[in-house]
Amino acid sequence: MGVVMKSAGDGGDELAGKLTFQVVICSIIAAFGGLMFGYDIGISGGVTGMDDFLEKFFPDVYVKKHRAREDNYCKFDNQLLQLFTSSLYLAAIVSSFAASYICKRWGRTPTIRAASLFFLAGAVLNICAQDLPMLIVGRILLGIGVGFGNQAVPLFISEIAPAKYRGGLNICFQLLITIGIVIANVINYFTSKIHPNGWRYSLGGAAVPAIILLLGSLAISETPTSLIERGKKEKAKSVLKRIRGVENVDREYEEICNAIELSKQVKNPWTKLMSRSSRPQVICGTILQIFQQFTGINVVMFYAPVLFQTMGLGSDASLMSAVVTDSVNVLSTLVAVFCVDKVGRRFLLIQAAFQMFVAQTIMGGVLAAFLKSTNMMPRVPAMFVLVLICIFVAGFAWSWGPLGWLIPSEIYPLETRSSGFFLAVGMNMFCTFLIAQAFLTMLCHMRSGIFFFFAAWIVVMGAFAKWILPETKGVSIDEMNEKVWSQHWFWKRFYSNDGLETKA
């Protein structure tokens, strides 16, 4: 299992090292932060379709859902119901800012530990919820946990992984998100039959991944970069030897030390982040988050059971359909794990943009033709839409889903890494909030046109990936400026000829 790692300092020499068991285990444990996130994404959509839950917290929606001849597209249009889902992402935006500071000041693993504690507290509050304010507070605590986890986990994995395998290991985070979604929908399928408190078991189940991450975070090593950054050089060298599986780590150790010395010259990372030389990373890192959410994926992930009920499928059938699409999500993410470091980031993004565009436009056409305001959609077209959703989810799962987290975690130099990744996480959570808060209203007013709305975004995304986004495959995260940004046909204008100094 030995691998050869390129030196970030010489461009041609090689560093001896291994993809060690230690790195794999640490990456998987940290990626349980993704399982927490995924479980919540999957559980919220299923719970909002349960009658017992709606009757207790959203009685108006419950009445509207069962009212005869109610408009198919507007059954679930309720701002408070959408706030149940979206409040988590507002909290995540704020908490990811705090997490970026904690990551830098105290390290990646304490931030991951804090994520699990907040998520656990939110799960406990949700399972005990007696009224809507209590339910929303629980969601906010879950959101703080998500913000901390999404900030720390991708950075942690990118910093411990060898460059050759960084993409595949980092995608473990997204893989665990997809597994969390599947687990949540399976649980929702069974708890929906438990009356009147099945929804409590669904929401309370979030405590399980939180406990696993909490216990696992006590066992994983801090990253060498974070240890050196905080003056613990001897411990950092010991950890580096352990995760690389070799004794001779002097060159990589010195590279990290040099990067940290350069970062210390930057007194204010936010000022540096706003400088001309940081503009390529800031633009690409944040716009990827906008694109990821405006693929329309959360139309499926948040509200799949609701969407399938809108098409006329019963509650049980809609939950099982969600399980099918989420299983496709998991299997397709595995494609990314094994392909991203071979075929590259851009190839997957461009290919998937075409695939998702075709699926979205046909889906919108089928719904426009067969789902009217008050009818039940015929079974054959409904099943065809399910197949199209699976095709769409597959494309997203091996591209814009995992790479939306991977690329921002690997493109920033050390001095702006935590702050830059916060911008990415914050933008992701903000766009997720917008979609979660607005989707049911958009579905009500735009009807099948909502799929054409997202398809138009996918065209823009594909063009961006083809012509503007550089390839980062196999490049050390500490030499991105020299080998990627300063060499790119468009972004090189932000650097001088040597690729190290910025233009005035």
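Structure's up top.
Residues numbered from 1 in each chain as written. Predicted model: local features only at pLDDT ≥ 70, side-chain atom pairs only at ≥ 80, totals over all residues. Heavy atoms only, no water.

1. Points about the overall build of the protein
(1) Moving on: For the protein, the helix and strand inventory stands at 23 helices and two strands.
(2) Moving on: When the 504 residues of the protein are sorted by exposure, 61% land in the buried category.
(3) Moving on: For the protein, the share of sequence-separated contacts (at least 6 apart) that also reach a separation of at least 24 residues comes to 79%.
(4) Moving on: If you sum the accessible surface of the protein, you get close to 18,500 Å²; carbon and sulfur atoms cover 66% of it. (Helix = DSSP H or I, 4+ residues; strand = E, 2+ residues; numbered from the N terminus. Buried < 20%, exposed > 50% of the residue type's maximum accessible area, 1.4 Å probe, protein only. Contact = heavy atoms within 4.5 Å. Areas by Shrake-Rupley, 256 points an atom, 1.4 Å probe, with all protein chains shown as cover.)

2. Some points on the side chain of N428
(1) Moving on: Counting through the fold element by element, N428 comes out in helix α21 (residues 414-446).
(2) Moving on: By relative accessible area, which is 1% here, N428 ends up buried.
(3) Moving on: Setting aside its immediate chain neighbours within four residues, N428 contacts Q289, Q292, Q293 and W405.

3. Concerning empty space enclosed by the protein
(1) Moving on: Following the criterion strictly, the structure yields six cavities of 30 Å³ or more and no others.
(2) Moving on: By volume, the second largest cavity amounts to about 160 Å³.
(3) Moving on: What lines the second largest cavity is a set of 16 residues, among which I41, Q174, I177, N298 and F396 lie closest to the centre.
(4) Moving on: Counting only elements with at least two residues in the lining of the second largest cavity, the list comes to α1 (21-47), α7 (166-191), α14 (279-293), α15 (297-301), α20 (400-410) and α21.
(5) Moving on: Classifying every residue of the lining of the second largest cavity gives eight nonpolar, eight polar and no charged. (1 Å grid on protein atoms, 1.4 Å probe; cavity = no way out; pocket = protein on both sides within 12 Å on 5 of 7 lines; lining within 4 Å. Points joined across faces, edges and corners; volume = space filled by probe spheres on them. Nonpolar A, V, L, I, M, F, W, Y, C, P; charged D, E, K, R; others polar.)

4. Some thoughts on the packing of helix α5 (residues 108-127) against helix α6 (residues 132-160)
(1) Moving on: Contact geometry for α5 and α6: axes closest at 7 Å, N-to-C directions at 155°. By the angle class used here, α5 and α6 are roughly antiparallel. In terms of crossing hand, the pair formed by α5 and α6 is left-handed.
(2) Moving on: For the contact of α5 with α6, the residue count by class is 19 nonpolar, seven polar and three charged. (Axes fitted to C-alpha atoms, helices over the stretch in contact; angles between N-to-C directions. Parallel < 35°, antiparallel > 145°, perpendicular 65-115°, else oblique. Left-handed = near helix turned anticlockwise from the far one by under 90°.)

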